Amino acid sequence: MTTDTISPLRQRMIEDMNARKLCAGTQRGHISSCKRFAAFLKRSPDTATLEDIRRFQLHLAETGASICNRNRIMTGLRFLFRVTLRRLDLAAEIYAPRASEDSAGDEYG
């Protein structure tokens, strides 16, 4: 373990995950997803906007993240926004891409 202090937001999210009895692997994945989003934003995820979420989802697709990985990342963010922050408006903006989306990329072009 590191001796770094845990932010109040991360602590609250961990408490929410523990209360729902999420396994350690799931918790690590959710925290990792939020860290990745925070690094993309260059600020705390609790300051995110609808546009930030849209840009992050586009960023994941454009950088070649697999559909499985994108879904895993966005599941962690959905937990943060829906459960920990109670930001249902932001949670609603998170979509799960399907395999057909990548293969049908030219459909609208």
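Residues numbered from 1 in each chain as written. Predicted model: local features only at pLDDT ≥ 70, side-chain atom pairs only at ≥ 80, totals over all residues. Heavy atoms only, no water.

Draft legend 1. Focus on the overall build of the chain. Across its full length, the chain holds six helices and zero strands. Ordered by position from N to C terminus, the α and β elements of the chain give α-α-α-α-α-α. Per-residue burial over the chain gives 34% buried out of 109 residues. For the chain, restricting intrachain contacts to residue pairs at least 6 apart in sequence, the fraction spanning at least 24 positions comes to 55%. Accessible area for the chain stands at about 7000 Å²; split by element, carbon and sulfur atoms hold 53% of it. (Helix = DSSP H or I, 4+ residues; strand = E, 2+ residues; numbered from the N terminus. Buried < 20%, exposed > 50% of the residue type's maximum accessible area, 1.4 Å probe, protein only. Contact = heavy atoms within 4.5 Å. Areas by Shrake-Rupley, 256 points an atom, 1.4 Å probe, with all protein chains shown as cover.)

Draft legend 2. Layout of the nonpolar core. Phe 37, Met 74, Leu 77 and Phe 81 are the most contacted members of the largest nonpolar core, which totals 23 residues. Of all the secondary structure elements, the ones that give two or more residues to this core are helix H1 (8-19), helix H2 (24-41), helix H3 (50-62), helix H4 (67-84) and helix H5 (88-91). Those residues in contact with Phe 37, other than ones at most four positions away along the chain, are Pro 45, Ala 48, Asp 52, Ile 53, Phe 56, Leu 77 and Phe 81. (Core = buried A, V, L, I, M, F, W, Y, C linked by side-chain atoms within 4.5 Å.)

Draft legend 3. Region of interest: the packing of H1 against H4. Here H1 crosses H4 at 90°, and the two axes come no closer than 10 Å. As summarised for this structure, H1 and H4 are arranged roughly perpendicular, according to the angle between their axes. Residues Leu 9, Arg 12, Met 13, Asp 16 and Met 17 of H1 touch H4, and the partners they reach there are Gly 76, Phe 79, Leu 80, Val 83 and Thr 84. Here the contact of H1 with H4 is composed, by residue class, of six nonpolar, two polar and two charged. (Axes fitted to C-alpha atoms, helices over the stretch in contact; angles between N-to-C directions. Parallel < 35°, antiparallel > 145°, perpendicular 65-115°, else oblique. Nonpolar A, V, L, I, M, F, W, Y, C, P; charged D, E, K, R; others polar.)

Draft legend 4. How the structure looks around the packing of H2 against H3. The contact between H2 and H3 brings their axes to 11 Å, and the two run at 105°. In this view, H2 runs roughly perpendicular relative to H3, as classed from their interaxial angle. Here Arg 36, Phe 37, Phe 40 and Leu 41 of H2 lie close against H3, whose contacting residues are Asp 52, Ile 53, Arg 55, Phe 56, His 59 and Leu 60. For the contact of H2 with H3, a count of residues per class yields six nonpolar, one polar and three charged.

Draft legend 5. Here's a closer look at H3. Here H3 is 13 residues long and its end C-alpha atoms lie 18 Å apart, about the 18 Å a rise of 1.5 Å per residue gives. Asp 52, Ile 53, Phe 56, Gln 57 and Leu 60 are the residues of H3 that are buried. The buried residues of H3 occupy an angular sector of 135° when projected down its axis, which confines them to one face. Summarising the contacts, the buried residues of H3 are in contact with H2, H4 and H5. Positive backbone phi, approximately 85°, marks Gly 64, located one or two places after H3. (Expected span 1.5 Å × (residues − 1). Arc of directions from axis to C-beta.)

Draft legend 6. Representation of the pattern of salt bridges in the model. Tallying each qualifying case throughout the model produces four salt bridges. Close ionic contact of Arg 43 with Asp 52 constitutes a salt bridge, the shortest N to O distance being 2.3 Å. The class for Arg 43 is partly exposed, based on a relative accessible area of 34%. Via salt bridges that share partners, Arg 43, Asp 52 and Arg 55 belong to a single interconnected network. (Salt bridge = Lys/Arg side-chain N within 4 Å of Asp/Glu carboxyl O.)

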